[in-house]
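Each chain, letter by letter, is given below.
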Amino acid sequence: MIVVAFNYGGYAGKILQVNLSTGKITKVPLTKEQVELYLGGRGYDAKILFDNMPPNVQPLSKNSILCLSTGPLTGLLGPTTGRVNVAARSPLTGIYGNSNAGTNWGPELKYAGYDGLVITGKAKNPSYIAIEDESVQILPAKNLWGEGVYETTLALQEQHNGFETRVAACGPAAERGLLYGSVIFDLWDAAGRSGMGTVMASKNLKAVAVTGSGSLEVAQPDRYYDVVCDGWSGILNEPGFKMGEHQALGTAVCVGWGNAQGWLPTRNFRESVFEFADDISGEEFRDKFSIKDSPVPGGRACMSCPNRCKRFGKIDSGPYAGTRGNIEFEGVAAFGSKCGVRNLEAVFHAFMLANDYGMDCVTTGNMIATFMELNEEGKLSAKLAAEIDDDGMELKFGNERAMVEMVHRIANQQGELGKLGALGAWRALTKLGGQKLAEKYTSAVKGMDTIACDPRASKGFGFTFAIASRGSDHLRTHPVFEMIKLPDGVAKEMFGSAEASTLKGYGGKVEMVLYHEELAAVTDSIGSCRFMHASYYTQYPIPELLNKYRKRPRPAKDIHSVKYHDWVSAATGMKISYEKLFEIGRRIVMLERAINTQYGVRRKDDRLPRRFVEEPLPSGPAKGQKFDKKQFESMLDKYYAKRGWDKKTGLIKKQMLDKLGMDDVKKILEKRKLLGK
Amino acid sequence: MGKLVFNSELCTGCRACELACSFKHERLFSPHLARIRVVRVDEEGIDVPTGCEQCEVAACIAVCPVRAIYVDPETDGVIIDYDRCIGCKECMTACPFGAVHYNRAKGIFYKCDLCGGDPECVKWCVTGGVQYITDLDTVLQLKRTKTAERALRSIAEGASAAGAAAKGGGV
Ligand code: SF4
Ligand code: SF4
Ligand code: SF4
């Protein structure tokens, strides 16, 4: 292969490789060919894993690879560009693992001169990596091992450049082998899902502290500035953004919203409305704990983000005094409605404990909720149930003391319940009572359990959970489109059916998921947030279409939108059209599928948990609904056909890889007999 | 009379101001080249924008041995004349706000020049964390209102208003 000199704008231009076994540190230039095909971040990481990690390498072995990376737009003033991507083979699911966080850490890494950090090997002793521009050191972290994320971060800031040092850390739960450890950035920003923190801890790597003082240049500064201004105007004028709820309450606004729409998972997905939703709402958090209740709703933001979805709060008195940190919706629902707990103080506390222990709040909450349900239904052995009963804390829905106690026990793997809990719901229940039990009581797909949205009440999200590349997950697509009422014309033009913007309908949902999935793959790879194109709809052509269907359309010059293709082109100097952008997205989805087929993922794995197809919702606005089995299968057929995957097996067909210029991937799959017919 | 007013109660820590400033002056994106800097204090959940206060009795002007720093009569901004600057670092150490920065690549000291009266950072701030105010009465009024608001909040929280007002002052 000829390596062409790297001269694209936006990027820092090199990847930092650290081998913790040998202590070798290498700075490798990005290759033009790879960024043209995969952009950066999530896409680039997937390629690194595919090329360098044979499928027999176990997630927690020293040969596994952990990537932390940014995209070409990270840290360049574009809206919501503080994201960072973390990827590795997941210890929780055994398949492709990956998680994304919004922080200041990612941009800092780029200012230090690196687009990404690739970690291999295993340090002999607990260590951390300190990056200060050109200087990269592997330093001892013996005194930090066993410490929580909070102490670790503060200690490293003190040791290095104070508030200007950005820290990524894993927590003690991951050190002890809990399978769903998170990587926490800047104290509260979690790359929570799929156990990336566990991979980090398995390498004896406690943290990565970064300070950078460099500069980034874009290829076409004037054009770039205009595109970015257009993008900011796009988000500031988006109807949902202008409502201001989100800025006022952060993502916790979804507690009220989800409850009203009937998709707020309650008591381990038995129900989808929570009678005490008001008690755990965003308003409640603001009134009780927010310190930033200023005239303009404050909140805190990632780098260059007008949306400021983080909510910081503190508890000053009572049993949970001392609790502090940023909350967001998923954690509130996981410890709140899913566990049936109505006391927001306990929910906030449990959430921040999980954060400090470095465990994914979603998986932790789901795990505890699952134990509660099992116990209520008499499926836990007397011995297991007694473990916690003995302390006067019966494991049942709504018992906040039991919930908080279980967070500690799982993190410390204390007792049998604690040990089981550290495996995550799917593995724990399989161990307890075989696959049958796991299928009945968990919300897991491919080993990872479901976030806070009930698929029976929201068909696009539901379908997404089944096909997402990292197990049950909404963020691979995040089709909020179905949750907001848009003019029929917009839904029809975008996805061929007005039903696409309804929760209940199935029409247009496959098209909607395909579109969202590809765009999300792109934005995760360039380093911008889901909020811009799949929560708010600021991306071209949606603002334009909304205008078209207005009673009195405004002049075109008054309509602003985020044009990702222009944005990436102006920053990097590549020529990327609207169509090409989606082709890149498709390529990334394809590559992740290729990785997963090597780990054995087939059609049988693209499924929904039993509860969602068999048990109709008992109450609320979506009462009586379930995810229709037949509909699901025909949606899957259609999705496979569009993706070019074999209908029977789910393997990728050769033609599709040819079309996307993925010859190298094709050759490897061919050799391993993993191509579809 | 022009001045940036920094308000940590309104700042979200998005740092758009930093990048906008660095791009306007250097055509590069780099917080280190920005004349406004935001200190993010994650453990307290607050963000503190900092920068030049365009002091009336400016320490940087007073200590400069070659009189390279002057007041722009148009904006009242305190400006460094790069041709005269000898790089002695006196201004940097004297500024109580850490608002004089050093550009290693170019070997010069630099600070906020109010963008000649059209501050770029302010255009990018969506919450009012940094504002441009051209008459002092408005600044004072803003500060008084803020103090009053703080007192009102304390009443709501059940604390004594007098105590809060006594704490008064800066943010
Ligand atoms: S919307 Fe929230 S997560 Fe996304 S970039 Fe903004 S503050 Fe960060
Ligand atoms: S732009 Fe405004 S809100 Fe953002 S960091 Fe600067 S002062 Fe704070
Ligand atoms: S007024 Fe101009 S020079 Fe001063 S901090 Fe703002 S953008 Fe920078």
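Since we're looking at a predicted model, the values are computed, not measured.

A. Fine view of the overall build of chain A. When helices and strands are tallied, chain A shows 28 helices and 14 strands. Taking 26 Å as the expected radius of gyration for a compact globule of 677 residues, we find that chain A reaches 23 Å, a close match to that expectation. Seen through its principal axes, chain A has C-alpha atoms that stretch 65 × 60 × 60 Å. Across the 677 residues in chain A, those meeting the buried criterion constitute 66%. Across chain A, the fraction of contacts at a sequence separation of at least 24, relative to all contacts at a separation of at least 6, is 69%. As displayed, chain A has an accessible area near 22,400 Å², and 50% of this comes from carbon and sulfur atoms. One way to put it: in chain A the 89 positive side-chain charges average out to a point 6 Å from where the 77 negative ones average out.

B. Structural context of the sheet that holds strand β5 (residues 96–102) of chain A. Residues and elements named next belong to chain A. Reading across from one edge, β2-β1-β6-β3-β4-β5 is the order of the six strands in this open sheet, with mixed pairing throughout. At either end of the open sheet lies a strand with only one pairing partner, and these are β2 (24–29) and β5. The sheet shows a mean angle of 15 degrees between the axes of neighbouring strands, taken without regard to direction. Where strand β4 (residues 83–89) lies against β5, seven bridges are found, and the strand directions are antiparallel. By the bridge assignment for β5, Ala-87 is matched with Asn-98. Sheet contacts for helix α2 (residues 41–52): β1 (14–19), β3 (66–69), β4, β5 and β6 (116–120); angle to β4, the most-contacted strand, approximately 20 degrees.

C. Here's a closer look at the site of ligand 2. In the region of ligand 2, the neighbouring residues are Cys-11, Thr-12, Gly-13, Cys-14, Arg-15, Cys-17, Val-38, Cys-125, Thr-127, Gly-129 and Val-130 of chain B. Here the shell around ligand 2 is composed, by residue class, of six nonpolar, four polar and one charged.

D. Here's a closer look at the site of ligand 1. Inspection of the region around ligand 1 gives Thr-80, Arg-83, Ala-301, Cys-302, Cys-305, Asn-307, Arg-308, Cys-309, Cys-529 and Phe-531 of chain A as its neighbouring residues. Residues that form the shell around ligand 1 fall into these classes: six nonpolar, two polar and two charged.

E. Spatial organisation of the packing of helix α14 (residues 361–376) of chain A against helix α18 (residues 425–441) of chain A. Residues and elements named next belong to chain A. In contact at an axis separation of 12 Å, α14 and α18 are set at 65 degrees when each is read in the N-to-C sense. For the pair α14 and α18, the sense of crossing is left-handed. In contact with Met-367, Thr-370, Glu-373 and Leu-374 of α14, α18 contributes Ala-425, Ala-428, Leu-429, Leu-432, Leu-437 and Tyr-441. Tallied by class, residues from the contact of α14 with α18 come to eight nonpolar, one polar and one charged.

F. Broad picture of the pairing of β5 of chain A. Residues and elements named next belong to chain A. Here β5 lies mainly inside the structure; seven of its seven residues are buried. Across the two faces of β5 the burial is the same, with Tyr-96, Asn-98, Asn-100 and Gly-102 and Gly-97, Ser-99 and Ala-101 all buried. Between β4 and the antiparallel strand that follows it, β5, lie six residues; Gly-94 among them carries a positive phi value of about 80 degrees.

G. Examining the packing of aromatic side chains more closely. Residue and element names in this part refer to chain A. Within the structure shown, the criterion is met by 33 aromatic pairs over all chains. Considering the side-chain rings of Tyr-150 and Trp-188, the 5.9 Å spacing of their centres and the 40 degrees angle between planes classify their relative orientation as tilted. Placement of the pair is Tyr-150 in helix α4 (residues 149–159) and Trp-188 in the loop between β10 (183–185) and β11 (189–191), with a sequence separation of 38 residues. On the numbers, 5.4 Å between centres and 75 degrees between planes, the contact of Tyr-506 with Phe-627 is edge-to-face. Of the two residues, Tyr-506 is situated in the loop between α20 (488–495) and α21 (509–526) and Phe-627 in the loop between α25 (610–614) and α26 (629–643); the sequence distance between them amounts to 121 residues. Accessibility classification places Tyr-506 together with Phe-627 in one group, the buried group. These aromatic residues form a ring-pair network of at least three members: Phe-463, Tyr-506, Phe-627, Phe-632, Tyr-639, Tyr-640 and Trp-645. The positively charged end of Lys-14 is found above the aromatic ring belonging to Tyr-114, 5.0 Å away from the centroid. Against the face of Phe-276 rests Arg-342, its NZ or CZ located 3.8 Å from the ring centre.

H. Representation of the packing of helix α7 (residues 221–236) of chain A against helix α23 (residues 564–572) of chain A in the model. All names here are of chain A. Their axes nearest at 8 Å, the elements α7 and α23 cross at an angle of 150 degrees. Considering the angle they form, α7 stands roughly antiparallel to α23. Relative to α23, the crossing made by α7 is left-handed. Every residue of α23 that contacts α7 at Arg-223, Tyr-224, Val-227 and Val-228 is listed here: Asp-566, Trp-567, Ser-569, Ala-570 and Ala-571. Per-class residue counts for the contact of α7 with α23 are six nonpolar, one polar and two charged.

I. Structural context of the domain arrangement of chain A. All names here are of chain A. Partitioning chain A into domains gives domain 1 (14–211), domain 2 (265–436) and domain 3 (459–539 + 577–676). The straight-line distance from the C-alpha centre of domain 2 to that of domain 3 is 29 Å. With twelve residues of domain 2 in contact, the opposing surface of domain 3 contributes twelve residues. Between Arg-611 and Glu-373 there is a salt bridge, with its nearest N and O atoms 2.6 Å apart.

Scoring rules and cut-offs
Residues numbered from 1 in each chain as written. Chains lettered and ligands numbered in written order. Predicted model: local features only at pLDDT ≥ 70, side-chain atom pairs only at ≥ 80, totals over all residues. Heavy atoms only, no water. Helix = DSSP H or I, 4+ residues; strand = E, 2+ residues; numbered from the N terminus. Rg over C-alpha atoms; globule rule 2.2 N^0.38 Å. Buried < 20%, exposed > 50% of the residue type's maximum accessible area, 1.4 Å probe, protein only. Contact = heavy atoms within 4.5 Å. Areas by Shrake-Rupley, 256 points an atom, 1.4 Å probe, with all protein chains shown as cover. Lys, Arg positive; Asp, Glu negative; His and termini not counted. Charge placed at Lys NZ, Arg CZ, Asp CG, Glu CD. Pairing = 2+ DSSP bridges. Axes fitted to C-alpha atoms, helices over the stretch in contact; angles between N-to-C directions. Near = heavy atom within 4 Å. Nonpolar A, V, L, I, M, F, W, Y, C, P; charged D, E, K, R; others polar. Left-handed = near helix turned anticlockwise from the far one by under 90°. Phe/Tyr/Trp six-rings, centres within 6.5 Å; stacked < 30°, edge-to-face > 60°. Lys NZ or Arg CZ within 6 Å of the ring centre and 35° of its normal. Parallel < 35°, antiparallel > 145°, perpendicular 65-115°, else oblique. Domains from an automatic or database assignment. Salt bridge = Lys/Arg side-chain N within 4 Å of Asp/Glu carboxyl O.

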